[in-house]
Amino acid sequence: MEKLLEQISKVKRDKLGTDIPLLIFRVLRHYTHFYAADLLGERGANILLINAGRALGEELGNMLYDEELDNYLKNIAEFVEKEKIGLLKVVEKADDKLVVQLDECITCAGMDNIGKRICHFEVGLVAGLVEKYLGKKVMATETKCGANGEGTCEVTVHF
Ligand SMILES: [Zn+2]
């Protein structure tokens, strides 16, 4: 698991390069969840994605770390936009709580309302990034989702 990000970052595709259409990402993301739910149940599949996102968040947190929380959040927002994961903004920051929104979310932006929140990987990612900063486990939940007709993706973290 360790260095997984480093390993998969190495790409040699002289003709095709590193960019792919968003739909290909979504196929992988949504089909994997659908079939994981077949094996593990809906809740199990959700947890699988949360844990994967959390692991990535912890690795990314090392790269983006700054001891000033505002700088750290700025680094994250810049990274997330550069990699076209979404447009991150902090909507609430308190001693025991952080709420962030991800507009144009890579996973759900523009989907029809399917009546559920589905961005479990992103929830884990935010949790992992916050855990890296605080050095302790946190509780994160998705409190809005484009796939739930709420217009944006929102993650609320309690610590
Ligand atoms: Zn979402």
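Refer to the structure above for everything that follows.
Here the structure is a predicted model, which means the values were calculated and not measured.

Draft legend 1. Spotlight on the coordination of the zinc ion. Protein ligation of the zinc ion involves C108 (SG), C119 (SG), C145 (SG) and C153 (SG), the donor distances falling in the range 2.2 to 2.6 Å. Coordination geometry of the zinc ion: the 4 donor atoms subtend angles of 99 to 135 degrees at the metal centre, consistent with an arrangement described as tetrahedral.

Draft legend 2. Quick look at helix α3 (residues 69-82). Between its terminal C-alpha atoms α3 stretches 20 Å, which fits the 20 Å expected from 14 residues at 1.5 Å a residue. Among the residues of α3, Y72, L73, I76, A77, F79 and V80 are the ones counted as buried. Looking down the long axis of α3, one finds its buried residues gathered within 165 degrees of arc, a one-sided arrangement. For α3, exposure combined with an orientation more than 90 degrees from the buried face picks out E81 and K82. Structurally, α3 contributes buried residues whose contacts are with α2 (22-64), β1 (87-94), β2 (97-103) and α4 (120-134). K84 sits one or two positions beyond α3 and adopts a positive phi of about 60 degrees.

Draft legend 3. Main features of the layout of surface pockets. Computed from the structure, the largest pocket encloses a volume of approximately 1,600 Å³. If you go around the largest pocket, you meet 37 residues; those closest to its centre are L5, I8, F25, L56 and E83. Taken together, the elements giving at least two residues each to the lining of the largest pocket come down to α1 (4-8), α2 and α4. Top contributing element to the lining of the largest pocket by residue count: α2, with 14 residues. Of the residues contributing to the lining of the largest pocket, the split by class is 22 nonpolar, 5 polar and 10 charged. Here the second largest pocket defines a volume of roughly 200 Å³.

Rules and cut-offs
- Residues numbered from 1 in each chain as written.
- Predicted model: local features only at pLDDT ≥ 70, side-chain atom pairs only at ≥ 80, totals over all residues.
- Heavy atoms only, no water.
- Donors = N, O, S within 2.8 Å, 3.2 Å for Na, K, Ca; no water.
- Tetrahedral: all angles 85-135°; square planar, octahedral: opposite > 155°, others 65-115°.
- Helix = DSSP H or I, 4+ residues; strand = E, 2+ residues; numbered from the N terminus.
- Expected span 1.5 Å × (residues − 1).
- Buried < 20%, exposed > 50% of the residue type's maximum accessible area, 1.4 Å probe, protein only.
- Arc of directions from axis to C-beta.
- Contact = heavy atoms within 4.5 Å.
- 1 Å grid on protein atoms, 1.4 Å probe; cavity = no way out; pocket = protein on both sides within 12 Å on 5 of 7 lines; lining within 4 Å.
- Points joined across faces, edges and corners; volume = space filled by probe spheres on them.
- Nonpolar A, V, L, I, M, F, W, Y, C, P; charged D, E, K, R; others polar.

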